[in-house]
Amino acid sequence: MVFEISSVVSKLQMVSTSDHSSVVSMNLFVALLCACIVIGHLLEENRWMNESITALLIGISTGVVILLFSGGKSSHILVFSEDLFFIYLLPPIIFNAGFQVKKKQFFVNFMTIILFGAIGTLISCAVITLGASQIFEKLDIGPLELGDYLAIGAIFAATDSVCTLQVLNQDETPLLYSLVFGEGVVNDATSVVLFNAIQSFDLNHIDPSIALHFLGNFLYLFVASTMLGVLTGLLSAYIIKKLYIGRHSTDREVALMMLMAYLSYMLAELCYLSGILTVFFCGIVMSHYTWHNVTESSRITTKHSFATLSFVAEIFIFLYVGMDALDIEKWKFVSDSPGTSIAASSVLLGLVLVGRAAFVFPLSFLSNLAKKSPNEKISFRQQVIIWWAGLMRGAVSMALAYNQFTMSGHTSLRSNAVMITSTITVVLFSTVVFGLMTKPLIRLLLPHTPHHKEINIVIATDASTPKSATVPLLGSAQDSEVDIDPIHRPSSIRALLRTPTHTVHRLWRKFDDAFMRPVFGGRGFVPVEPGSPSERNGHQWR
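Within any chain, residue numbers begin from 1 and follow the written order of that chain's sequence. Owing to the predicted nature of the model, reporting of local features is limited to residues with pLDDT of at least 70; listing and counting of side-chain atom pairs is limited to 80 or more, with chain, interface and lining totals taken over all residues. Values shown for side chains rest on all heavy atoms present in the structure; no hydrogens or waters enter the calculation.

Student: Tell me about the environment of Thr278, and name the residues and values.
Tutor: Working definition: helices are DSSP H or I runs of at least four residues, strands are E runs of at least two. Numbering for both runs from the N terminus. Within the fold, Thr278 resides in helix α11 (residues 275-293). The spatial distance from the C-alpha of Thr278 to the C-alpha of Leu221 is 9.9 Å, given a sequence separation of 57 residues. In this view, Thr278 contacts Ser225, Leu228, Gly229, Ser264 and Ala268; residues no more than four positions away in its chain are not counted. Here, residues are in contact when the closest pair of their heavy atoms is within 4.5 Å.

Right under this line is the structure:
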């Protein structure tokens, strides 16, 4: 009996010690997040640094300190987790990107974005897979199967859309931001779908039907994921417009928008769809309808709340990756042959460069053939920036690599350890070096001219985007139709083909005004507030 009591007491002490260690770890991590924000603010005007690189370098520095204090046993206070990344950190980042994106610029370039994000990812994956399979056999890395090489292609074809938000400015370079970030969202979704397809297919019996099956599966996932995001966004708009929740509590409006956004992502994961695409399009729909249905205080709150959650999640990811990069357990497997790991990293980095160039320039050429106006075409200098800005690899590549080459977060084979350390090296090098050089490259190739300012003024008048809201937050001046180009009604099929995007946009606006906004609200809708003239007169529309 005494032995049982002492055993229980010892277990309780162990639990208490574990809880205390967790509290210490979280305190340290929160303090590091605060340090990242402060240092990022001090470096705001620096032409080289951004918050992502700052957090990454602070994470690496902290990892070195922990490694020294622990006697070389550990370098992190938290362990990299795919679930933490995909379930908690990625959704607010992607949602806020859709919520803040300038929709007109995004949809005008929609076909180019899909071309880059879907077809381009497949081309990049094929180049990286073929190159790795030919070169890695000569490096004597270890036993890698066909599925591993295909997985390597999917892992390193995934661009870092999070870092793109840091290095490109939506107002200064709207076209580049729209293309690179839009491609990054579709690219991430395509890479994850491709990676999951590789794991689910029987690669021992390859036949032509696999390609058709994958294409059909991808189209289904893209359409279904997009529709789920749109429907969830419309449902939130209808509920808030119909129930006038803001009459009693703006907190409920804000909470409902946040929960519906997160629900869209989790529903997509539950249905084996692409949560990235779903939550992105949910953000677009919510910014177009739901955001205009809530009270003015809720608009301000939601705009800043979503931006804050996204900002903290971004810093968390890069700090997390930086600290985990020095995990001694991963590096001890390759310590006897560091040259092999360096060679593998160099090969992968070179394949990333070649794989991206293999689709950016040819697909840009094809995209330009379909555009009649010279102003709409992607210049060679812009193509170079698109190629360069998409070279960064980040947490998506890390998460997929851990999924493929580790068991419960641990590596047990030398070949797997080489791939994990090579992935870490590529992520760190591409984020720091390519990230540092992106802003100076933009300034060099695209110097800021009055012409660009004029374009930015036109784009900035898209009042349906929360980020462009000014004081008064939603005054009648901001709700005007100034963002619609003065395109005349096409008088022939030739005219329709000459300006297809403008024509489709004009037709969509007519349909939106006639059918969608009366049901789901949106720009021009005035929420009912207690004691307001709208409530007394029963008016809902200006």
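We are not done yet, so read on.
Student: Explain the packing of aromatic side chains residue by residue, including any values.
Tutor: The geometry of two aromatic rings is summed up by the distance between their centres and the angle between their planes. Stacked, tilted and edge-to-face pairs are distinguished by plane angle, under 30 degrees for stacked and over 60 for edge-to-face with tilted covering the rest, among Phe, Tyr and Trp rings (Trp via its six-membered ring) whose centres lie within 6.5 Å. Using the criterion set out here, one finds 23 aromatic pairs in the structure. Between Phe85 and Phe86, the aromatic rings sit 4.9 Å apart at their centres with planes inclined by 70 degrees, giving edge-to-face as the arrangement. As far as the burial class goes, Phe85 and Phe86 line up, both buried. Taken together, the ring pairs connect Phe106, Phe107, Phe110, Tyr177, Phe181, Phe280 and Phe281 into an aromatic cluster. Partly exposed residues are those whose accessible area sits between 20% and 50% of the maximum for their type, while under 20% is buried and over 50% is exposed, using a 1.4 Å probe and protein chains only.

Student: Mind laying out the pattern of salt bridges, listing which residues take part and the relevant values?
Tutor: When charged atoms on two side chains of opposite charge get close, those side chains can pair. Only one rule defines a salt bridge in this text: a Lys or Arg side-chain nitrogen within 4 Å of an Asp or Glu carboxyl oxygen. Here the structure, examined in full by the defined rule, presents three salt bridges. A salt bridge links Arg517 to Asp513, with the shortest nitrogen-to-oxygen separation between them at 2.8 Å. Placement of the pair is Arg517 and Asp513 together in helix α20 (residues 500-520), with a separation of four residues, close to one helical turn. Taking relative accessible area as the criterion, Asp513 reaches 38% and is therefore assigned partly exposed.

Student: So what about the nonpolar core? Which residues, and what values?
Tutor: Ranked by internal contacts, the top residues of the largest apolar core, which has 134 residues, are Phe136, Ile152, Phe156, Phe280 and Leu319. For this core, the element with the most residues is helix α8 (residues 174-200), which contributes 15 residues. Discounting residues that sit within four places of it in the chain, Phe156 has contacts with Ile128, Leu348, Val352, Arg393, Met419, Thr423 and Val426. Within this scheme, the nonpolar core is defined by two criteria: the residues are buried Ala, Val, Leu, Ile, Met, Phe, Trp, Tyr or Cys, and they are joined through side-chain atoms within 4.5 Å. Ala237, Val285, Tyr289 and Met516 belong to the second largest nonpolar core, which has six residues in total.

Student: Describe in detail the packing of helix α2 (residues 51-69) against helix α12 (residues 296-324), supporting the description with residues and values.
Tutor: Working note: a packed helix pair is described by the angle between its axes plus the distance between those axes. Their axes nearest at 7 Å, the elements α2 and α12 cross at an angle of 40 degrees. With respect to each other, α2 and α12 are oriented oblique. Every pair of crossing elements has a handedness; the one defined by α2 and α12 is right-handed. In contact with Glu51, Ser52, Ala55, Leu56, Ile58, Gly59, Ile60, Thr62 and Ile66 of α2, α12 contributes Phe311, Ile315, Phe318, Leu319, Val321, Gly322 and Met323. When residue character is reported, Ala, Val, Leu, Ile, Met, Phe, Trp, Tyr, Cys and Pro are called nonpolar, Asp, Glu, Lys and Arg charged, and the others, Gly included, polar. Split into classes, the residues belonging to the contact of α2 with α12 amount to 11 nonpolar, four polar and one charged. Between N-to-C directions, angles cover 0 to 180 degrees, with each direction set by a line fitted to C-alpha atoms, over the stretch in contact for helices. Roughly parallel refers to an angle under 35 degrees, roughly antiparallel to one over 145, roughly perpendicular to one between 65 and 115, and oblique to any angle outside these ranges. Crossing handedness: left-handed means the near helix sits turned counterclockwise from the far one by under a right angle, and right-handed means the same turn made clockwise.

In short, shape yes, function no, at least from these values alone.
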